[in-house]
Amino acid sequence: KIPFLRLVIALATGIISGSFFEFPLISYWLLFFFSLTALFVINRYYRYTFTTLFGALVCILYFNAGLFIYTLFNRKPVFYDNGIFSSTVMEIPVEKKNSIQAVLKIKSVENKGSLVRTNEKIIALFEKSECALNLEPGEKVIFSKAPQLITSSNNPFQFDYKKYLAGKRIFRQVFLYE
């Protein structure tokens, strides 16, 4: 009665499996080409007895698509460790006890005379100052200090801030002086 339910379940299962297991990228392509080739062969020499095999291969194809979608969405950006970083303020800065915190999106990095485009979000902690308090979303921030990877605490029962930020695709942070 619901023809696309099997396909949606296969796609969702692939996405969920991608969150638990890491597969090499070549395995996606091999599974994709195997399934597609088998589907073409079954379609060419079609018999009624092949209907369950055909349906299973279509579900495998959708499962593989779910794995591939999860992997593409959760890829880590390329991290550059030196150069001049050009970024844009993404959110309204929040005043903390000793600093001002904002999310920056690094658009490009100038390294050894070449400009490299990138797409990385970082947490920036600014020294408390009038300039940092007046930052607004959309403003450009240029800095040369390399962002550091965010580390998690060693307490196993504490909130995992690193994992929380990874879900927002933020992997590094930087402290910037005025």
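Residues numbered from 1 in each chain as written. Predicted model: local features only at pLDDT ≥ 70, side-chain atom pairs only at ≥ 80, totals over all residues. Heavy atoms only, no water.

## So, the nonpolar core
Short version of the rule: We call a set of buried Ala, Val, Leu, Ile, Met, Phe, Trp, Tyr and Cys residues a nonpolar core when their side-chain atoms join them within 4.5 Å. Exposure categories follow from relative accessible area, calculated using a 1.4 Å probe and restricted to protein chains: below 20% of the type maximum is buried, above 50% is exposed, and the middle band is partly exposed. Strands here are runs of E lasting at least two residues and helices are runs of H or I lasting at least four, both read from the DSSP assignment and numbered beginning at the N terminus. In this description, contact between two residues means that some pair of their heavy atoms is separated by no more than 4.5 Å.
Within the largest apolar cluster, 16 residues are counted, with the highest numbers of intra-cluster contacts made by Leu104, Phe126, Val141 and Phe143. Every element with two or more residues in this core is listed here: strand S1 (84-89), strand S3 (99-111), strand S4 (114-127), strand S5 (140-143) and strand S7 (170-176). Here this core takes five residues from S3, the largest share from any one element. The contact partners of phenylalanine 143, leaving out residues within four places of it in the chain, are Gly83, Ile84, Phe85, Ser87, Leu104, Ile106, Ile122, Val174 and Leu176. Leu7, Leu39, Ile42 and Val58 belong to the second-largest nonpolar core, a separate cluster that totals seven residues.

## Overview of unusual backbone geometry
Despite not being glycine, lysine 112 has its phi angle at roughly 55°, a positive value. Among the secondary structure elements, lysine 112 is positioned in the loop between S3 and S4. In the Ramachandran plot, arginine 169 falls in the positive-phi region, its phi being about 65° despite a non-glycine side chain. Its location among the elements puts arginine 169 in the loop between helix H5 (161-167) and S7.

## Remarks on the environment of alanine 102
Tracing the backbone through its elements, the reader meets alanine 102 in strand S3. On the accessibility criterion, alanine 102 (3% relative accessible area) is buried. The spacing of alanine 102 and glutamine 173 is 71 residues in sequence and 10.0 Å in space, taken between C-alpha atoms. Not counting the four nearest positions on each side in its chain, alanine 102 is found in contact with Pro93, Ile122, Ile123, Ala124 and Phe126.

## Focus: the environment of alanine 12
Note that alanine 12 resides in helix H1 (residues 5-20). The class for alanine 12 is partly exposed, based on a relative accessible area of 34%. Separated by 51 residues in sequence, alanine 12 and phenylalanine 63 place their C-alpha atoms 7.5 Å apart.

## Notes on a nonpolar patch on the surface
Let me state the cut-off plainly: Any residue with relative accessible area above 30% and no salt bridge may belong to a patch, with like charges joined within 9 Å and the nonpolar Val, Leu, Ile, Met, Phe, Trp and Tyr side chains within 5 Å. Throughout, the Shrake-Rupley method with a 1.4 Å probe supplies accessible areas, and for residues the shown protein chains are the sole cover considered. Salt bridge criterion: a side-chain nitrogen from Lys or Arg within 4 Å of a carboxyl oxygen from Asp or Glu.
On the surface, Ile16, Phe20, Phe21 and Phe23 cluster together into a nonpolar patch covering about 460 Å² of accessible area. Position of phenylalanine 23 among the secondary structure elements: in the loop between H1 and helix H2 (25-44).

## Topic: the pattern of salt bridges
Summed over all chains, the structure comprises three salt bridges. Among the ionic pairs, arginine 172 bridges to aspartate 81, the shortest N-O distance being 3.4 Å. With a gap of 91 residues between them, arginine 172 in strand S7 and aspartate 81 in the loop between helix H3 (51-73) and S1 connect regions that are remote in the sequence. Among the residues examined, aspartate 81 registers a relative accessible area of 56% and is labelled exposed. The residue glutamate 95 makes a salt bridge to lysine 128 at a minimum N-O spacing of 3.2 Å. Placement of glutamate 95 in strand S2 (residues 94-95) and of lysine 128 in the loop between S4 and helix H4 (130-133) is noted, with a sequence separation of 33 residues between them. Under the relative-accessibility criterion, glutamate 95 is labelled exposed at 51%.

## Overview of the packing of aromatic side chains
For the record, the criterion: When two rings of Phe, Tyr or Trp (its six-membered ring) have centres within 6.5 Å they constitute a pair, described as stacked for plane angles under 30 degrees, edge-to-face for angles over 60, and tilted for the intermediate range. A positively charged side chain is recorded as over a ring if its NZ (Lys) or CZ (Arg) lies within 6 Å of the ring centre. The angle to the ring normal must also be within 35 degrees.
Evaluation of the coordinates by the stated rule reveals 10 aromatic pairs. Here tryptophan 29 and phenylalanine 68 contribute two aromatic rings whose centre-to-centre distance is 5.6 Å and whose plane-to-plane angle is 70°, an arrangement assigned as edge-to-face. In this pair, tryptophan 29 sits in helix H2 while phenylalanine 68 sits in helix H3, placing the two residues 39 residues apart along the sequence. Members of the aromatic cluster, joined through ring pairs, are Tyr28, Trp29, Phe32, Phe33 and Phe68. A cation over a ring is seen here: arginine 44 above tyrosine 45, with NZ or CZ 6.0 Å from the ring centre. The aromatic ring of phenylalanine 73 is capped on one face by arginine 169, whose charged end is 5.6 Å from the ring centroid.

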